[in-house]
Amino acid sequence: MTTAKDLFIIAMDPRPEQSVGQGDLSLALAGAELVDLIDAGAITVDDDVIVPGEPSTYEDRLLVEASALLTRQPPHERIEDWLWRRGRDLSAAYQAALEEDGELTRKRSGRLSFGSERVEPADTPARRAAAERWEQGEPVLAALASVVGAGGGRSDDAAGRPENGTGRPEGKAGRPDDEAGADEPGLDEPGFDDDAVTAVVTAVHDAVMELEAVRQRRTIENTAFANLWRGP
């Protein structure tokens, strides 16, 4: 399977202490698609700009869709802009595709037939291959998972906040340096032999931090508004 699908399966870990926000995951999936396109020789990266090569054929339909969405005429698209554009509701698209392929199964929690329903990876060769890739510490998969807190990656509470898909936060032009943390989870992972891959993983990290900064601002604003109405 693709890096994006492997990442989605790793993010579906059913452990209760792990919950990956859909917005964070959507951004990482868009980055994972770029990594696979780089590996296929379909794109190169010039600084932070995606430069498509000749169109290629792929077995994975979501990768075909991603390739078709590339900006092939100058001015080419920056990685950051691709993540926000392609990442909109991308986690939902991957869930639907994996369910259709039989890679995900729906189960009800508890013993009662009317308990809450959850989606889990099915016991398939694809799941076992993703798990093996994860256990071997494949650098790109490990870095992207770490950025979104999958597989025991990020431990802060931001990873558990739900996000209904993702779109670029309104009015944002880039990562706010004063609000992004100095630590960059996933970027210290060894084994990045390709500067283009490093640029993609770095951009995913920055986008996730930008999204979290927006969440924090909204929380502060909502709290201040509630306190205003509550009064002294």
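Residues numbered from 1 in each chain as written. Predicted model: local features only at pLDDT ≥ 70, side-chain atom pairs only at ≥ 80, totals over all residues. Heavy atoms only, no water.

**Q** Explain the environment of Lys107 to me, please; I cannot follow it from the model alone.
**A** Secondary-structure assignment places Lys107 in strand S3 (residues 104-108). Residues Lys107 and Val119, twelve residues apart in the sequence, show an inter-C-alpha distance of 6.2 Å. (Helix = DSSP H or I, 4+ residues; strand = E, 2+ residues; numbered from the N terminus.)

**Q** I tried to follow the packing of helix H2 (residues 22-39) against helix H4 (residues 79-86) on my own but got confused; where do I start?
**A** Packed helices, taken two at a time, are described by the angle their axes make and the gap between the axes. Two elements in contact, H2 and H4, have axes whose closest approach is 8 Å; the angle formed by their N-to-C orientations is 120 degrees. Overall, the two elements H2 and H4 adopt an arrangement that is oblique. In this structure, H2 crosses over H4, and the sense of that crossing is right-handed. Here H2 contributes Leu27, Ala30, Gly31, Glu33 and Leu34 to the contact with H4, which in turn contributes Ile79, Trp82, Leu83, Trp84 and Arg86. (Axes fitted to C-alpha atoms, helices over the stretch in contact; angles between N-to-C directions. Parallel < 35°, antiparallel > 145°, perpendicular 65-115°, else oblique. Left-handed = near helix turned anticlockwise from the far one by under 90°. Contact = heavy atoms within 4.5 Å.)

**Q** Help me understand the nonpolar core in this model?
**A** Most often, soluble globular proteins have nonpolar side chains that are buried together. Core analysis: the biggest nonpolar cluster contains 55 residues, and Ile79 and Leu83 have the highest contact counts within it. Residue assignment for this core shows that the elements contributing at least two residues are helix H1 (3-11), H2, strand S1 (43-46), helix H3 (61-68), H4, helix H5 (90-100), helix H7 (139-148) and helix H8 (195-230). Residue contributions to this core peak at eleven residues, all from H8. Beyond its immediate sequence surroundings of up to four residues, Ile79 is in contact with Leu34, Val45, Asp48, Ile50, Ala199, Val200 and Ala203. (Core = buried A, V, L, I, M, F, W, Y, C linked by side-chain atoms within 4.5 Å. Buried < 20%, exposed > 50% of the residue type's maximum accessible area, 1.4 Å probe, protein only.)

**Q** It is not clear to me how the confidence of the model for the chain should be interpreted in this structure. Could you clarify?
**A** Keep in mind that low pLDDT regions are not for reading the predicted coordinates in detail. Looking at the chain, pLDDT values average 79 and 71% of them are 70 or higher. When the criterion is pLDDT under 50, residues 153-164 qualifies, and its contacts beyond four places in sequence or with other chains add up to 29 contacts. Predicted confidence for residues 170-190 stays below pLDDT 50, and this span has 38 contacts to residues more than four positions away or in other chains. (pLDDT = per-residue confidence, 0-100.)

**Q** Please explain H5 as it appears in this structure.
**A** Spacing of three or four residues puts side chains on the same side of an α-helix, whose turn is 3.6 residues. Buried within H5 are the following residues: Leu90, Ser91, Tyr94, Ala97 and Leu98. Buried positions in H5, seen along its axis, are confined to an arc of 125 degrees and lie on one side of it. Directly after H5, the chain includes Gly102, whose backbone phi takes a positive value near 80 degrees. (Arc of directions from axis to C-beta.)

**Q** Explanation requested: the pattern of salt bridges in the structure shown.
**A** Considering all chains together, one arrives at 14 salt bridges under this definition. Residue Arg133 pairs with Asp6 through a salt bridge whose shortest N-O separation is 2.8 Å. You can see Arg133 sitting in helix H6 (residues 125-135) and its partner Asp6 sitting in helix H1, a full 127 residues away along the chain. Comparing Arg133 with Asp6 shows no difference in burial state: the two are buried. A salt bridge links Asp48 to Arg78, with the shortest nitrogen-to-oxygen separation between them at 3.1 Å. (Salt bridge = Lys/Arg side-chain N within 4 Å of Asp/Glu carboxyl O.)

**Q** Quick question: what am I supposed to make of unusual backbone geometry here?
**A** Note: most residues except glycine have negative phi, and most peptide bonds are trans. A cis geometry characterises the amide bond from Pro74 onward to Pro75, with omega recorded as -5 degrees. Mapping Pro75 onto the fold places it in the loop between H3 and H4. Despite not being glycine, Asp47 shows a phi value in the positive range, around 65 degrees. Relative to the elements of secondary structure, Asp47 occurs in the loop between S1 and strand S2 (49-52). One non-glycine residue with positive phi stands out, namely Asp89, at about 60 degrees. Relative to the elements of secondary structure, Asp89 occurs in the loop between H4 and H5.

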